[in-house]
Amino acid sequence: MTVESVKPEDGSQTGTQAAPGPRAGRPPGRPPLAGGAVPLLGHGLRLARDPLAFLGGLRDHGEVVRLRLGPKTVYAVTAPDLTGALALSPDYIIAGPLWESLESLLGKEGVATANGPLHRRQRRTIQPAFRLDVLPEYGPIMTEEAHALVERWRSRQVLDVTAESFRVAVRVAARCLMRGSYMDARAERICTALATLFSGMYQRMVVPLGPLYKVPVRSNREFNRALADLHLLVDEIVADRRASGQKPDDLLTALLEAKDENGEPIGEQEIHDQVIAILTPGSETVGSMIMSLLLVLTERPDLGDKIRDEVKTVVGDRPVAFEDVRELRYTANVVTETLRLYPAVWILTRRTVADTELGGYRIPAGADVIYSPYAIQRDHRSYGRHEDFDPDRWLPERSKEVPKYAMSPFSVGNRKCPSDHFSMAELTLLTAAIATAYRFEQAPGSDPRPRIGITLRPRRLLLRALPR
Ligand code: HEM
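Since this is a predicted model, take the numbers as computed values, not measurements.

1. Overview of the overall build of the protein
Part 1 of the argument: Across its full length, the protein carries 16 helices and twelve strands.
Part 2 of the argument: On C-alpha atoms alone, the protein measures out to a radius of gyration of 22 Å, which is about the 23 Å that the 2.2 N^0.38 rule sets for 468 residues.
Part 3 of the argument: Expressed along its principal axes, the backbone C-alpha trace of the protein runs to roughly 65 × 50 × 45 Å.
Part 4 of the argument: Within the span of the protein, comprising 468 residues, buried residues form 56% of the whole.
Part 5 of the argument: Taking as baseline every contact in the protein between residues at least 6 positions apart, the subset at least 24 positions apart corresponds to 74%.
Part 6 of the argument: Carbon and sulfur atoms provide 55% of the accessible area of the protein, an area that totals close to 19900 Å².

As structure tokens, this is what we get:
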């Protein structure tokens, strides 16, 4: 059911053919400088202008390359096995411009930005809520939300897919992990706040103008208002739960009952930051993936037809439910292929904590290192007909050909997304319910080009849902 489960475990297949670089055999040296740097700005302009094409092209310059972003040197990794080595190595931590920018939103004490023992303790607290054997408990909520979405679309002429996708993503994450009907009213506010924040944060990351973001112009005021509202919302959610006196077996209870290294309850700030650190990536990533899936279904109606046929075969005439997800292999493969070509998390960054070596190159302590799941998952060296949308490449006999770490949209190692099974189940169920009910066509004003922000998704998708 997960992308992990279709990945071969045989480390002998690296899939990297003849990329330039030393790998082994001589003392590690500096990685080559990628071509195309210009005076002063280095590669910054090209990275900002067309990041997907730029990062995808880096593989031609080497498996590890140096980039110059203004005065800064950043290292980019382009070979799948080396991204796996990086993700699994203790020499790299979560730090760097992306995370510094994220901390302004997520806080400093949340699991997504913590490192070392604090991170390990926090993972231990949240992990049980995402365990495979716990997922069926979320089944009724996921099923209810999927069918509510389908019903809601019956009365709409044109769907604003951005709002609809983020809405359901927030509702599922919040209702499953922080149970309570109180979320319904607040889900819309969370969506609005997150939309403003994520676009502002990306801008702050690629154009780091520091104090200029404090100038009280409209965009900065909107950003600050959205940030304040998100923090207020989280405080309200925590306060409501405490006031209710209830302790359902969910993530919020786990956070409220968590103890630190000394056996003391964790602080208010940490609880607050944890809720934000889980809700925000949870809704932004899933919302982006739902948008990409809807674009795929619009552009390839044949896929929707096959999904409808599969659902009919598996469930007959009753409505599809969470319990069916396991059997919906073709639908899951459509989701997996969408994750390959349109990974919501398209770029990842790390910082080295010590002088280290990668692919036979020396990387100094304190260096920022980036890699792009988007570029890795579209590498022609790893995938035949790499740009084609082909769900059948995830059939068991064919997926064996995929090199290790060439498909890691949820990452690997100690920072691997805790929600990989949860998200795959949610996306598969939603896709099955939606494709069974509708075909889609784009409405005037729709702009499906990629929007590259903290996550990757279609820019503005306006669809007509045509009942089957
Ligand atoms: C981390 C992808 C859904 C919570 C990550 C990472 C990736 C990822 C690639 C690793 C980041 C890194 O290595 O630096 C995705 C995708 C999703 C998804 C593609 C949807 C299809 C969710 C959901 C939640 C969630 C639904 C929660 C409700 C988190 C958290 C982390 C994380 C808390 C930080 C883990 C840590 O640092 O230990 N996600 N994610 N994600 N994700 Fe997800």
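After presenting the structure, the write-up continues.
2. Some thoughts on the site of the ligand
Part 1 of the argument: With respect to spatial proximity, 27 residues lie near the ligand, and among them His119, Arg123, Arg350, Arg415 and Cys417 are the closest.
Part 2 of the argument: Contacts to the ligand include Arg123, whose side-chain N or O atom sits 2.7 Å from an oxygen atom.
Part 3 of the argument: The contact in question runs from an oxygen atom of the ligand to an N or O atom on the side chain of Arg350, over 2.7 Å.
Part 4 of the argument: If you list the elements that add at least two residues to the shell around the ligand, you get helix H5 (116–126), helix H11 (268–299), strand S5 (348–352) and helix H16 (420–437).

3. Description of the pattern of salt bridges
Once their charged atoms are close, side chains differing in charge can pair, the charge on each being opposite to the other.
Part 1 of the argument: Taken as a whole and assessed by the stated rule, the structure comprises 34 salt bridges.
Part 2 of the argument: For the salt bridge of Asp379 with Arg59, the shortest nitrogen-to-oxygen distance reads 3.4 Å. Of this pair, Asp379 sits in the loop between helix H14 (373–377) and helix H15 (396–399) while Arg59 sits in the loop between helix H2 (51–57) and strand S1 (64–69), and the two are 320 residues apart along the sequence.
Part 3 of the argument: Assessed through its relative accessible area of 12%, Arg59 is described here as buried.
Part 4 of the argument: In this structure, Arg464 engages Glu441 in a salt bridge whose closest nitrogen and oxygen atoms are separated by 3.5 Å. With a gap of 23 residues between them, Arg464 in strand S12 (residues 462–467) and Glu441 in strand S9 (residues 438–442) connect regions that are remote in the sequence.
Part 5 of the argument: With relative accessibility at 36%, the residue Glu441 sits in the partly exposed group.

4. Here's the deal with the coordination of the iron atom of the ligand
Part 1 of the argument: One donor from the polypeptide reaches the iron atom of the ligand: Cys417 (SG), at 2.3 Å.
Part 2 of the argument: Looking at the element boundaries, Cys417 is found in the loop between H15 and H16.

5. Here's the deal with the packing of aromatic side chains
Part 1 of the argument: Under the defined criterion, the tally for this structure stands at six aromatic pairs.
Part 2 of the argument: Between Trp153 and Phe440, the aromatic rings sit 6.1 Å apart at their centres with planes inclined by 85°, giving edge-to-face as the arrangement. Residue Trp153 is located in helix H6 (residues 135–154), and its partner Phe440 is located in strand S9; the two are separated by 287 residues in the primary sequence.
Part 3 of the argument: In this structure Phe440 comes out as buried when scored by relative accessible area, which is 8%.
Part 4 of the argument: Pairing Tyr438 with Phe440 gives two aromatic rings, centres 6.1 Å apart and planes at 50°, and the pair type is tilted. Like Tyr438, the residue Phe440 is buried in the burial classification.
Part 5 of the argument: Ring pairs connect the aromatic residues Phe130, Tyr138 and Phe422, which therefore count as one cluster.
Part 6 of the argument: Between Arg340 and the ring centre of Tyr383, over which it is positioned, the NZ or CZ distance is 4.6 Å.
Part 7 of the argument: Here Arg378 stacks its cationic end above the ring of Tyr342, 5.5 Å away from the centre of that ring.

6. Some points on the confidence of the model for the protein
Part 1 of the argument: When the pLDDT values of the protein are averaged, the result is 89; 92% of them are 70 or greater.
Part 2 of the argument: Long-range and interchain partners of residues 1–18, a stretch whose pLDDT sits below 50, account for 46 contacts in this model, where long-range means more than four residues apart.

7. Overview of the packing of H11 against H16
Part 1 of the argument: Relative orientation of the contacting elements H11 and H16 amounts to 35°, with a least axis distance of 11 Å. In the crossing of H11 with H16, the sense of the turn from one axis to the other is right-handed. Judged by residue contacts, Val286, Met289, Ile290, Leu293, Leu294 and Leu297 of H11 engage Ser423, Glu426, Leu427, Leu430, Thr431, Ile434 and Ala435 from H16.
Part 2 of the argument: Taken together, the residues of the contact of H11 with H16 sort by class into ten nonpolar, two polar and one charged.

Each value, and the rule that gives it
- Residues numbered from 1 in each chain as written.
- Predicted model: local features only at pLDDT ≥ 70, side-chain atom pairs only at ≥ 80, totals over all residues.
- Heavy atoms only, no water.
- Helix = DSSP H or I, 4+ residues; strand = E, 2+ residues; numbered from the N terminus.
- Rg over C-alpha atoms; globule rule 2.2 N^0.38 Å.
- Buried < 20%, exposed > 50% of the residue type's maximum accessible area, 1.4 Å probe, protein only.
- Contact = heavy atoms within 4.5 Å.
- Areas by Shrake-Rupley, 256 points an atom, 1.4 Å probe, with all protein chains shown as cover.
- Near = heavy atom within 4 Å.
- Polar contact = N/O pair within 3.5 Å; in protein donor to acceptor, adjacent residues only side chain to side chain.
- Salt bridge = Lys/Arg side-chain N within 4 Å of Asp/Glu carboxyl O.
- Donors = N, O, S within 2.8 Å, 3.2 Å for Na, K, Ca; no water.
- Phe/Tyr/Trp six-rings, centres within 6.5 Å; stacked < 30°, edge-to-face > 60°.
- Lys NZ or Arg CZ within 6 Å of the ring centre and 35° of its normal.
- pLDDT = per-residue confidence, 0-100.
- Axes fitted to C-alpha atoms, helices over the stretch in contact; angles between N-to-C directions.
- Left-handed = near helix turned anticlockwise from the far one by under 90°.
- Nonpolar A, V, L, I, M, F, W, Y, C, P; charged D, E, K, R; others polar.

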